[in-house]
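# Coordinate inspection notes
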Amino acid sequence: MNATANTFSFKQIAIDFKEITKAGLAISVVFSSIAGYLLGVPDFESLQSATLLMLAVGGYCMVGASNAFNQVIEKDLDALMDRTKNRPVASGRMAPNHALFVASLLTIIGLILLYLINPKSAMFGAISIFLYTSVYTPLKTVTPLSVFVGAFPGAIPFMLGWVAATDNFGIEAGTLFLIQFFWQFPHFWAIGWFLYEDYEKAGFFMLPTGKRDNSTALQTILYSIWLLVASMLPCLGYTGKLFISPIAAGIVFLLGLWMIFYAVRLYRLRTPKAARTLMLVSVLYITLLQIVYITDKFLR
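To keep things clear, this report deals only with the structure shown in the data block. (Residues numbered from 1 in each chain as written. Predicted model: local features only at pLDDT ≥ 70, side-chain atom pairs only at ≥ 80, totals over all residues. Heavy atoms only, no water.)

## Concerning the overall build of the chain
Scanning the chain from N- to C-terminus turns up 13 helices and 0 strands. Overall, the chain shows an N-to-C arrangement of helices and strands of α-α-α-α-α-α-α-α-α-α-α-α-α. Taking 19 Å as the expected radius of gyration for a compact globule of 300 residues, we find that the chain reaches 20 Å, a close match to that expectation. Oriented by its inertia axes, the alpha-carbon framework of the chain measures out at about 60 × 50 × 35 Å. (Helix = DSSP H or I, 4+ residues; strand = E, 2+ residues; numbered from the N terminus. Rg over C-alpha atoms; globule rule 2.2 N^0.38 Å.)

Here it is in structure tokens:
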């Protein structure tokens, strides 16, 4: 019986750790960082497995820490929403002090690992945690501009990979930042749209007008267009060592049109289902774009 209880306890701890760090989101962020790293290294021979490992683990720790801090701060609000009421802290399975300890430990480990890569990587990691927990999180119940603020830490991972590979923040890293920055808006507004009622229970302002209206849908289209423009910049020859071939540019352009199509569809239908579809398309968009960028670099 003791063995069974210990197994159950360990399993529950693993589940709670996965939930408090939002493992799915954290892994997607790590993927973006690795994509940026692969774009930053000169060639395959320059890949350093130790750096990749530190970037992956350090990146997961930083995202996990941000999410853990967030769940401590919003524990009472999380308990009001169906989507979040079963989270470890909100449900009472994990004490806030324990969650704070986990978040602090992850922060320390993450910063150390990123610093071992280079100080700039650690600096951007620290900025990301600060903005997410100290600025974005409190603003969610105050103003729709919280999404704008949250877009800054959300856009760091893609750029962070380049900085980890080159120890330099220039036009290349700035372009990667810009792409993921504009991507945040249609992605999170789509989430805010189909989870509108749930967010309303906690008083979160996630849509630009605060409502599921034509103006919100129109802004989603506009930012999808800006995302396409930003994604095409590397084919123009003005982004330093970051560039893509005409073939890759054509694929990226089609991906952008695909994204815009579903943003327009949301404008036309204005339904939670259309918003959920746009959210899924946005996740596929950023993933496929990164794969296209990487594939083009190493095949040309």
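## Side note on the packing of aromatic side chains
Following the criterion strictly, the structure yields 19 aromatic pairs and no others. Geometrically, the ring pair formed by Phe44 and Phe298 is stacked, given 4.3 Å between the ring centres and 25 degrees between the ring planes. Separated by 254 residues along the polypeptide, Phe44 in the loop between helix H2 (23-40) and helix H3 (49-73) and Phe298 in helix H13 (residues 272-299) bring together distant segments of the chain. Look at Phe177 and Phe181: their rings are 6.0 Å apart centre to centre, the planes differ by 15 degrees, and that puts the pair in the stacked class. Linking Phe177 with Phe181, this pair stays in helix H9 (residues 171-194), spanning 4 residues, or about one helical turn. (Phe/Tyr/Trp six-rings, centres within 6.5 Å; stacked < 30°, edge-to-face > 60°.)

## Quick notes on the packing of helix H12 (residues 246-269) against H13
The axes of two packed helices give the description: the angle between them and the distance between them. Packing of H12 against H13 leaves a shortest axis separation of 10 Å and a crossing angle of 175 degrees. With respect to each other, H12 and H13 are oriented roughly antiparallel. Each residue belonging to the contact of H12 with H13 can be placed in one class, and the counts come to 20 nonpolar, 3 polar and 2 charged. (Axes fitted to C-alpha atoms, helices over the stretch in contact; angles between N-to-C directions. Parallel < 35°, antiparallel > 145°, perpendicular 65-115°, else oblique. Nonpolar A, V, L, I, M, F, W, Y, C, P; charged D, E, K, R; others polar.)

## A few points about the side chain of Ser33
Here Ser33 is to be found in helix H2. Its relative accessible area of 2% is what places Ser33 among the buried residues. There is a polar contact of 3.2 Å between the side chain of Ser33 and the backbone oxygen of Pro157. If sequence neighbours within four positions are ignored, Ser33 has contacts with Leu55, Pro157, Leu160 and Gly161. (Buried < 20%, exposed > 50% of the residue type's maximum accessible area, 1.4 Å probe, protein only. Polar contact = N/O pair within 3.5 Å; in protein donor to acceptor, adjacent residues only side chain to side chain. Contact = heavy atoms within 4.5 Å.)

## Section: unusual backbone geometry
With phi around 55 degrees, Asp167 is a residue other than glycine that occupies positive phi space. Here Asp167 lies in the loop between helix H8 (146-166) and H9. Not every positive phi belongs to a glycine, and Arg270 is a case in point at roughly 50 degrees. Topologically, Arg270 is positioned in the loop between H12 and H13.

## Regarding the pattern of salt bridges
Going through the model one piece at a time under the given rule, you end up with 10 salt bridges. Of the charged contacts in the structure, one is a salt bridge between Arg93 and Asp16, with a shortest N-O distance of 2.9 Å. With Arg93 in the loop between helix H5 (88-91) and helix H6 (96-117) and Asp16 in helix H1 (residues 2-20), this residue pair connects regions lying 77 residues apart in the sequence. Given a relative accessible area of 6%, Asp16 falls into the buried group. (Salt bridge = Lys/Arg side-chain N within 4 Å of Asp/Glu carboxyl O.)

## Description of H8
An α-helical turn contains 3.6 residues, so any two residues separated by three or four positions project in the same direction. In this model H8 runs 31 Å from its N-terminal to its C-terminal C-alpha over 21 residues, within 8% of the 30 Å that 1.5 Å per residue would give. In the structure, H8 departs most strongly from a straight axis at Pro157, where the bend amounts to approximately 40 degrees. Where burial is concerned, most of H8 is hidden: 16 out of the 21 residues are buried. Positioned one or two residues after H8, Asp167 has a phi angle of 55 degrees, which is positive. (Expected span 1.5 Å × (residues − 1). Bend = angle between axes of the 7 residues up to and from the residue.)

## Considerations on a nonpolar patch on the surface
Together, Leu218, Leu222, Ile225, Trp226, Val229 and Tyr267 make up a nonpolar patch on the protein surface, roughly 520 Å² of accessible area in all. By residue number, the principal contributor to the nonpolar patch is helix H11 (residues 214-232), which donates 5 residues. Assignment of secondary structure puts Leu218 in helix H11. (Patch = residues over 30% accessible without salt bridge, like charges linked within 9 Å, V, L, I, M, F, W, Y side chains within 5 Å. Areas by Shrake-Rupley, 256 points an atom, 1.4 Å probe, with all protein chains shown as cover.)

## As for the packing of H6 against helix H7 (residues 119-139)
H7 packs onto H6 with a crossing angle of 150 degrees between their chain directions and a minimal axis gap of 5 Å. In terms of axis orientation, H6 runs roughly antiparallel to H7. When H6 is examined against H7, the residues Thr107, Leu111, Leu114, Tyr115 and Ile117 are found in contact with a partner set consisting of Pro119, Ser121, Ala122, Gly125, Ala126 and Ile129. Of the residues in the contact of H6 with H7, the class split is 8 nonpolar, 3 polar and no charged.

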